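So you can see what is in the structure, the chains are spelled out below.
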Amino acid sequence: MSGLPGARTCPGPGEASDLKSPLSAKFREPLTETRFQQLFGDAEQEPELLAEPRWSRLWRRRASACSGPGAWRLLLARLPPLRWLPHYRWRAWLLGDAVAGLTVGIVHVPQGMAFALLTSVPPVFGLYTSFFPVLIYTLLGTGRHLSTGTFAVLSLMTGSAVERLVPEPLSGNLSGIEKEQLDAQRVGAAAAVAFGSGALMLGMFALQLGVLATFLSEPVVKALTSGAALHVLVSQLPSLLGVPLPRQIGCFALFKTLAAVLTALPRSSPAELTISALSLALLVPVKELNVRFRDRLPTPIPGEIAMVLLASVLCFTSSLDTRYNVQIVGLLPGGFPQPLLPSLAELPRILADSLPMALVTFAVSASLASIYADKYSYTIDSNQELLAHGVSNLVSSLFSCFPNSATLATTSLLVDAGGNTQLAGLFSCMVVLSVLLWLGPLFYYLPKAVLACINISSMRQMFFQMRELPQLWRISRVDFAVWMVTWVAVVTLSVDLGLAVGVVFSMMTVVCRTQRVQCLALGLAEGTELYRPLRESHKLLQVPGLCILSYPAPLYFGTRGQFRRVLEWHLGLGEGRKEAPKTDGPPDAAAEPVRVVVLDCSGVTFADAAGAREVVQLASRCQDAGIHLLLAQCNGAQWSKDLHSVGLSRSFGVWRAPTRHV
């Protein structure tokens, strides 16, 4: 508790207090830091610690990190397999990891090719993106149950960037060589976006900015993925109907695509429309069966790979590609592409696209990892996750991969199939590797309409997130508003602009809620040393002439006006001075005017210079009104800096004026 300029000292031992207390309580003398150390602590060691320069402490910390044990701890932190592999339960976990990895790998094959078309690159590059990032995350990631690879939201965002950077010629009639050149340019653009996204995440890791994931709240992330799922559905309609349409990008792209599809509907291909209907008729029920009977099935039913094999056999035996001009995948090149550094000249153009992708990658991956870490009682390192996904995107871009992250569908599939550790990722890579090296020709006759159906069916979980809206409305109207604003912005504008709108609106709700803080008047609970709000009970004891207030909010330039108005209302200052001071207590406690006010600052997490000046101005006004202002629980280094700059100094737990102490 402290006094500010104009406050008188409290009565010392043996002096009579001029405050009447119904408890006949004795008020102890406030303690300075020196006096506290003399009574309760060692007053000799603390000054020595404080006298050590900050640069010296940092130097000792860096020196310890460069020692042998420090280097080993750093290696353990950066290579998680060194921590969990020695404790791996081979008999209990290996079978579950193998089954889960093989199951996820089987899903990665058709899903990777499908999301490659969503990215506007040839299907084989989706297989590359399902191999290299998974392998790298197995070595660097801390999420034991996380499955990485191609993600629909990122594929959609990357496809929009690629279409803008490398647009298709207006003529549309391209020869085979021109088509290959266009695909090569688009692959380079997608790899450059992945390179920029990975570089940004590595920069965030170097600055230890893993905390940035907290700015993408759960309503923002869920609304973003639900809105992006609608974009994916609409963007796949031309492939479902067999109508070749240019891809719409920018704001209102969803509505432009719908208008173009409706216009071209009479020109749809009956063969591809039939293939799409049969594929959805198989995929959707299988997805529903996997969800409803997940506890009874030993492994989820691989509906995607079954559909791929059936469609390939049907197209080959019926010659659908030649007789009905059905678009097929074609030849998948065997092996791996040559490592190639993306064109650095493109980086300035793609930074605006890489930043939102980096944020979405980290936010979705960190939130998924946290969910399963809490469920299975282990911890993740958010900064290590930044490193893992940053290296995953950066290194895989050298092999012509597009941006990747953790995926909702395959992560849930991995957990349902019995996965336990990151080792499942190695088994998943084995499946994709076998397709790249030997099994690629089997997918030559795969219709692209089937891949579009796989894209749509994989959005099931994202669409069903909207079922949480009624519960969200009951829990928090503000979070409901954040969800709806983000979803509408994503659907009407674009995914990246919708993300920006959602983050800004979410932060605005936080700022606005700090403007509506209630300052509570406190009273002493009888028989205890606890203080409770007076409005909770009339049995709380209150000293006449003494007002104890608690302000539970940060004190900065945005809240200083609210702070001033609330204190004026309680103390009867300013325009309300003619009225009796406002209290929440019983009438007899409010009869005597306030002579001393104690402001509990334990809820003030920080204060800036404007807030500190507001406190000093309040002290001056209280002095003019004959009210003594005392502060309690002024914790935090920022309080010390800001109040010192306006003429106050700090001792232990007690604020005092330079010449007077209370």
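Residues numbered from 1 in each chain as written. Predicted model: local features only at pLDDT ≥ 70, side-chain atom pairs only at ≥ 80, totals over all residues. Heavy atoms only, no water.

Caption draft 1: Up close: the overall build of the protein. The number of helices and strands found in the protein is 29 helices and ten strands. Classification of the 662 residues of the protein by burial places 49% in the buried group. Within the protein, contacts between residues at least 6 apart in sequence are counted, and of these 81% link residues at least 24 apart. Taken as a whole, the protein presents about 32,600 Å² of accessible surface, with 62% of it coming from carbon and sulfur. (Helix = DSSP H or I, 4+ residues; strand = E, 2+ residues; numbered from the N terminus. Buried < 20%, exposed > 50% of the residue type's maximum accessible area, 1.4 Å probe, protein only. Contact = heavy atoms within 4.5 Å. Areas by Shrake-Rupley, 256 points an atom, 1.4 Å probe, with all protein chains shown as cover.)

Caption draft 2: Seen up close, the UniProt feature "transmembrane region" (unreviewed entry) in the protein. Sites flagged by UniProt as "transmembrane region" (unreviewed entry) map to residues 90-109, 116-140, 187-211, 354-373 and 480-508. The span residues 116-140 carries 72% helix and 0% strand; its end-to-end C-alpha distance comes to 25 Å. Between the C-alpha atoms that bound residues 354-373 the distance is 28 Å, and the span itself is 100% helix and 0% strand. (UniProt positions renumbered as here; feature names shortened; annotations may be inferred.)

Caption draft 3: How the structure looks around helix α13 (residues 253-264). Given a rise of 1.5 Å per residue, twelve residues ought to cover 16 Å, and the 16 Å separating the end C-alpha atoms of α13 matches this to within 8%. Tucked inside the fold, the buried residues of α13 contact α11 (218-235), α12 (237-241) and α24 (477-492). (Expected span 1.5 Å × (residues − 1).)

Caption draft 4: Representation of the pattern of salt bridges within the structure. By the definition in use, this model includes eleven salt bridges. With its nearest N and O atoms 2.7 Å apart, the salt bridge here joins E468 to K222. With E468 in the loop between α22 (460-463) and α23 (469-475) and K222 in helix α11, the pair connects residues that are 246 residues apart, well separated along the chain. The class of E468 is partly exposed, set by a relative accessible area of 35%. (Salt bridge = Lys/Arg side-chain N within 4 Å of Asp/Glu carboxyl O.)

Caption draft 5: Geometry of the nonpolar core. Counting 103 residues, the largest nonpolar core has M113, L127, V153, V360, F443, L446 and V495 as the members making the most contacts within it. With 13 residues, the single largest contributor to this core is helix α17 (residues 347-375). (Core = buried A, V, L, I, M, F, W, Y, C linked by side-chain atoms within 4.5 Å.)

Caption draft 6: A look at the packing of helix α26 (residues 560-571) against helix α28 (residues 609-624). At a closest axis distance of 10 Å, the pairing of α26 and α28 adopts a crossing angle of 20°. Here α28 runs roughly parallel to α26, going by the angle between their axes. You can see that α26 and α28 cross each other, and the crossing is right-handed. Taken together, the residues of α28 that come into contact with α26 (itself represented by R560, F563, R564, L567, E568 and L571) are A610, E614, V615, Q617, L618, R621 and C622. (Axes fitted to C-alpha atoms, helices over the stretch in contact; angles between N-to-C directions. Parallel < 35°, antiparallel > 145°, perpendicular 65-115°, else oblique. Left-handed = near helix turned anticlockwise from the far one by under 90°.)

Caption draft 7: The arrangement of a nonpolar patch on the surface in detail. Nonpolar side chains collect at one region of the surface, where F336, L437, W438, L439 and L442 lie side by side and expose about 520 Å² of accessible area between them. Along the polypeptide, F336 turns up in the loop between α16 (320-323) and α17. (Patch = residues over 30% accessible without salt bridge, like charges linked within 9 Å, V, L, I, M, F, W, Y side chains within 5 Å.)

Caption draft 8: Up close: α11. If you check α11, its first and last C-alpha atoms are 26 Å apart, about what 18 residues at 1.5 Å a residue would give, namely 26 Å. Of all the 18 residues making up α11, 14 are buried; the element is thus mostly covered by neighbouring parts of the structure.

Caption draft 9: Main features of the packing of α11 against α13. Interaxial distance between α11 and α13 falls to 9 Å at its minimum, and their mutual angle equals 25°. The angle between the axes of α11 and α13 places the two elements in the roughly parallel class. Between α11 and α13 lies a crossing of left-handed hand. Contact residues: α11 offers L230, H231 and V234, while α13 offers L254, T257 and L258. When its residues are assigned to classes, the contact of α11 with α13 shows four nonpolar, two polar and no charged. (Nonpolar A, V, L, I, M, F, W, Y, C, P; charged D, E, K, R; others polar.)

Caption draft 10: The arrangement of the packing of aromatic side chains in detail. Scanning the model with the defined rule gives 13 aromatic pairs in all. With a centroid separation of 5.3 Å and 85° between ring planes, the pair formed by Y556 and F557 is classed as edge-to-face. For F557, a relative accessible area of 60% translates into the label exposed. The structure contains a cluster of three or more aromatic residues connected by ring pairs, namely W84, Y88, W90 and W93. Across the ring face of Y378, the terminal group of R144 is positioned such that the distance to the ring centre comes to 4.6 Å. (Phe/Tyr/Trp six-rings, centres within 6.5 Å; stacked < 30°, edge-to-face > 60°. Lys NZ or Arg CZ within 6 Å of the ring centre and 35° of its normal.)

Caption draft 11: Spatial organisation of unusual backbone geometry. Positive phi is not limited to glycine here, since S120 has a value of about 70°. Here S120 shows up in the loop between α6 (90-118) and α7 (124-129). Classification of S120 by relative accessible area gives buried; the value is 12%. One non-glycine residue, F252, adopts positive backbone phi at about 60°.

Caption draft 12: Representation of the confidence of the model for the protein in the model. Mean pLDDT over the protein works out to 80, with 82% of the residues at or above the 70 mark. Between residues 576-590, whose pLDDT stays under 50, and residues either more than four places distant or in other chains, the model counts 18 contacts. Predicted confidence is poor over residues 649-662, with pLDDT under 50, and the contacts of this stretch with residues over four places away or in other chains come to 50 contacts. (pLDDT = per-residue confidence, 0-100.)

Caption draft 13: Quick look at the pairing of strand β7 (residues 596-600). Among the five residues of β7, five are classified as buried, and the element is accordingly described as predominantly covered. With five bridges joining them, strand β6 (residues 546-550) and β7 adopt parallel strand pairing. Among the inter-strand pairings, I548 is bridged to a residue of β7, identified as V598. As paired strands, β7 and strand β8 (residues 628-632) are joined by five bridges and run parallel to one another. Within β8, the position partnered with V598 by the bridge is L630. One crossover worth recording links β7 to the parallel β8 by way of α28, and it is right-handed. (Pairing = 2+ DSSP bridges. Right-handed = clockwise from strand over helix to strand, strands pointing away.)

Caption draft 14: Local environment of the pairing of β8. Across the five residues of β8, five count as buried, placing the element largely inside the fold. Of the two faces of β8, the one carrying H628, L630 and A632 and the one carrying L629 and L631 are both buried.

Caption draft 15: The arrangement of the environment of Y378 in detail. Inspection of the secondary structure puts Y378 in the loop between α17 and α18 (382-397). Accessibility expressed as a relative area gives 12% for Y378, which makes it buried. When the C-alpha atoms of Y378 and R144 are compared, they prove to be 8.8 Å apart, with 234 residues separating the residues in sequence. Not counting chain neighbours up to four residues away, the residues in contact with Y378 comprise T142, G143, R144, H145, Y372 and A373.

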